[in-house]
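# What the coordinates show
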Amino acid sequence: MASVCSPLPLSSLLPLPVDFKLSVQGNQATEPVRNSHVTENSLMTGLSCVQWGRRAGEEMGQESAGIVTSTGTNPPTYTTLKGMGLVNTAFKAEDLLKLRNGNLGIGHTRYSTTGISELQNCQPFVVDTLHGKIAVAHNGELVNASALRKKVMRHGVGLSTSSDSELITQLLALTPPMEELDTPDWVARIKNLMTETPTSYSLLVMYKDVIYAVRDPYGNRPLSIGRLVPISKLHSSGTGEADTEGWVVSSESCSFQSIGAKYYREVQPGEIVQISKNGVKSLSVVPRPEGDPPAFCIFEYVYFARPDSIFEGQMVYTVRQRCGQQLAIEAPTDADVVSTVPESATPAALGYAQQSGLPYVEVLCKNRYVGRTFIQPNTRLRQLGVAKKFGALTDNFAGKRVVLIDDSIVRGNTISPIIKLLKEAGATEVHIRVASPPIRFPCYMGINIPTKEELIANKPEFKDIAGYIGATSVRYLSVEGLVSAVQGGIESRGKDERISTKTTRFGHCTACLTGKYPVELEW
């Protein structure tokens, strides 16, 4: 999901690589912030901020991609590009040139949780409202989508897709009771949405010359804000508000550096942030029901996020390293070397090696041109991905006992052929250590774990999981160990003076591990 907002034409901004949920708001400079030329091979900075910012987070979605830009005028002109596949295949240079007159833009990459994988479900969605067009990009999955669908249709609103994200767009188009007829109250509309559905969503809403960044009250899905700064000051610690060339919003902060932006802060759970030519302004923080803690998805730390992203004041890489250290304490073993299933498990493997005193070596070579297997839409594609994904670095482990660290075992499609590969290449033993607990329950909040039957931890074979996958032994990190590793480095929420919030508590959703969902599920 990505968005760009600037008082300058997007064609005035420097060509840089992009992919993801990203929002950029330029300052009021009268001169182009960056190079003003546009060619087929040199795309604009503003669109780069959408397209390359989205590519930087493309592990979040590999099925479809979309970009919507707006002139920001009254009334605005919207231009939409959508395509199936990865960003670099969905869009060509000549396609992106069609967006060059926009001053704002939002983009999105998708893998399907609700709704089938086809172009009509590709985001962002654009709809007419009483006060003009809005464009909406959504990361997450509504826990009460079925009930909401019926409610929206009872109002006489037809739905053209099977995506729950369209429901959000239609709910935002409804006029709330407190709104005056001639003036749209987007804070009231967003609050009305939050009363209709508690989770799970982070949103970008584009209207005229403003982008609203929104996170649900439970903070289940991430959303971060960054500042565009001069390239010469990108790695400087002395940049201030005067150096700000624009604002960006992304589901992961890893998107920022590739477009010349610096991490600023997270959108807090329940917060509504306005991004305009006047900067970033927190408009409201919608509280959770009394007694409910936040429920940030712990699986973002385990697998889904890129290791250089920052959540809750800590880098994902560091959290995964702590998970590996805790795993070595809970599940030691006699072995000769420690290695990893690259690449998301590498920090945990380094932590395990550090804690255990065993040497770390690489035993697998990853084909970087194969996408992530977990988020492929069906089992056959996942299995084919595994077969093409790894090669064995035989000289590093032949004749040795290997401790192989994986970040998670979801369906069991990936790990078994890897173990077979290592044994055939000369490993005498392969001990599997998993830096997260067994996943036993489906996720209904945006991660593609749709049925309990698919999960290896729920199959009869799990009683002898080592024999089933061909390993010498298998041990998992405990739920308590994972929570401890995640929460051990979180900075106090109360230190951030840029927003006002009544709570400094933190909490995490562990529903896929424990079956304890943060809210009551509706069917």
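Preceding this paragraph is the structure being described.
Keep in mind it's a predicted model, so treat the numbers as computed, not measured.

## Re the overall build of the protein chain
The helix and strand tally for the protein chain stands at 15 helices and 24 strands. Accessible surface, the protein chain as shown: approximately 20500 Å² in total, 49% of it carbon and sulfur.

## Section: the packing of helix α5 (residues 164-173) against helix α6 (residues 186-196)
Closest axis-to-axis distance for the α5/α6 pair is 9 Å, and the angle between their directions is 130°. If you check the angle between α5 and α6, you find them oblique. The way α5 lies across α6 gives a crossing that is right-handed. Residues Ile 168, Leu 171, Leu 172 and Ala 173 of α5 form the contact with α6, whose participating residues are Trp 186, Arg 189, Ile 190, Leu 193 and Glu 196. By residue class, the composition of the contact of α5 with α6 is 7 nonpolar, no polar and 2 charged.

## Overview of the nonpolar core
Phe 299, Val 338, Ile 405, Ile 439 and Leu 482 are the most contacted members of the largest nonpolar core, which totals 46 residues. At the level of secondary structure, the elements contributing two or more residues to this core comprise β15 (296-297), α8 (299-304), α9 (316-330), α10 (346-356), β21 (401-406), α14 (479-487) and α15 (511-514). Contact partners of Ile 439, with chain neighbours within four places excluded, come to Phe 299, Ser 408, Val 410, Ile 449, Leu 455, Ala 457, Cys 512 and Leu 513.

## A look at the pairing of strand β7 (residues 132-140)
With 7 of its 9 residues buried, β7 lies for the most part within the structure. Two strands pair when backbone bridges link them, and strand β6 (residues 125-129) and β7 are joined in this way by 5 bridges, in the antiparallel orientation. Bridge pairing in β7 places Phe 125 opposite Val 136. Hairpin remark: β6 followed by β7, antiparallel, with 2 residues in the connecting loop. Relative to strand β8 (residues 201-207), β7 is paired through 6 bridges, and the arrangement is antiparallel. Bridging from a neighbouring strand, Asn 139 pairs with Ser 202 of β8.

## A word on the sheet that holds strand β23 (residues 473-476)
If you walk across this open sheet you meet the 4 strands as β18-β21-β22-β23, and the pairing is parallel. Every interior strand has two partners, whereas the edge strands, β18 (337-340) and β23, have only one. Direction aside, neighbouring strands of the sheet carry axes that sit 25° apart on average. The pairing of β21 with strand β22 (residues 429-434) spans 6 bridges and is classified as parallel. In the strand pairing of β22, Val 403 is matched with His 431. Across the sheet, α9 touches β21, β22 and β23, and the angle it forms with β23 is around 120°. Lying on the sheet, helix α12 (residues 415-424) is in contact with β21 and β22; it crosses β22 at an angle near 150°.

## Observations regarding the pairing of strand β10 (residues 224-228)
Taken across its 5 residues, β10 has 5 buried, putting it largely inside the fold. Covered by surrounding structure in β10 are Ser 224, Gly 226 and Leu 228 together with Ile 225 and Arg 227, the residues of both alternating faces. In the sheet, β10 pairs with strand β11 (residues 246-250) via 5 bridges, with the strands oriented antiparallel. Following the sheet pairing, Ile 225 is matched in β11 by Val 249. As paired strands, β10 and strand β12 (residues 261-266) are joined by 5 bridges and run antiparallel to one another. When the bridges of β12 are listed, Ile 225 appears paired with Arg 265.

## Concerning the packing of aromatic side chains
What describes a pair of aromatic rings is the distance from one ring centre to the other and the angle between the planes of the rings. Applying the stated criterion to the full structure yields 8 aromatic pairs. A ring pair is formed by Phe 296 and Tyr 301, whose centres lie 5.7 Å apart and whose planes are at 90°; its orientation type is edge-to-face. When its relative accessible area of 1% is taken as the criterion, Tyr 301 is described as buried. An aromatic cluster of three or more residues is present, and its members are Phe 296, Tyr 301 and Phe 311. Seen from the ring of Trp 186, Arg 189 lies directly overhead, with NZ or CZ sitting 4.8 Å from the centre.

## Looking at the environment of Glu 520
Assignment of secondary structure puts Glu 520 in the segment after α15. Spatially, the C-alpha atoms of Glu 520 and Val 143 are 8.3 Å apart, while their sequence positions differ by 377 residues.

## What about unusual backbone geometry?
For the bond from Asn 74 to Pro 75, the omega torsion is 0°, close enough to zero to count as cis. Along the chain, the position of Pro 75 falls in the loop between β3 (64-70) and β4 (78-84). Here Thr 199 and Ser 200 are connected by a cis peptide whose omega angle stands at 15°. By the secondary structure assignment, Ser 200 is in the loop between α6 and β8. Residues other than glycine seldom take positive phi values, yet Lys 208 does so here, at roughly 55°. Of note, Lys 208 is situated in the loop between β8 and β9 (210-215). We classify Lys 208 as partly exposed; its relative accessible area is 22%. A positive phi is found at Glu 312, a non-glycine position, where the angle reads about 55°.

Calculation criteria
Residues numbered from 1 in each chain as written. Predicted model: local features only at pLDDT ≥ 70, side-chain atom pairs only at ≥ 80, totals over all residues. Heavy atoms only, no water. Helix = DSSP H or I, 4+ residues; strand = E, 2+ residues; numbered from the N terminus. Areas by Shrake-Rupley, 256 points an atom, 1.4 Å probe, with all protein chains shown as cover. Axes fitted to C-alpha atoms, helices over the stretch in contact; angles between N-to-C directions. Parallel < 35°, antiparallel > 145°, perpendicular 65-115°, else oblique. Left-handed = near helix turned anticlockwise from the far one by under 90°. Contact = heavy atoms within 4.5 Å. Nonpolar A, V, L, I, M, F, W, Y, C, P; charged D, E, K, R; others polar. Core = buried A, V, L, I, M, F, W, Y, C linked by side-chain atoms within 4.5 Å. Buried < 20%, exposed > 50% of the residue type's maximum accessible area, 1.4 Å probe, protein only. Pairing = 2+ DSSP bridges. Phe/Tyr/Trp six-rings, centres within 6.5 Å; stacked < 30°, edge-to-face > 60°. Lys NZ or Arg CZ within 6 Å of the ring centre and 35° of its normal.

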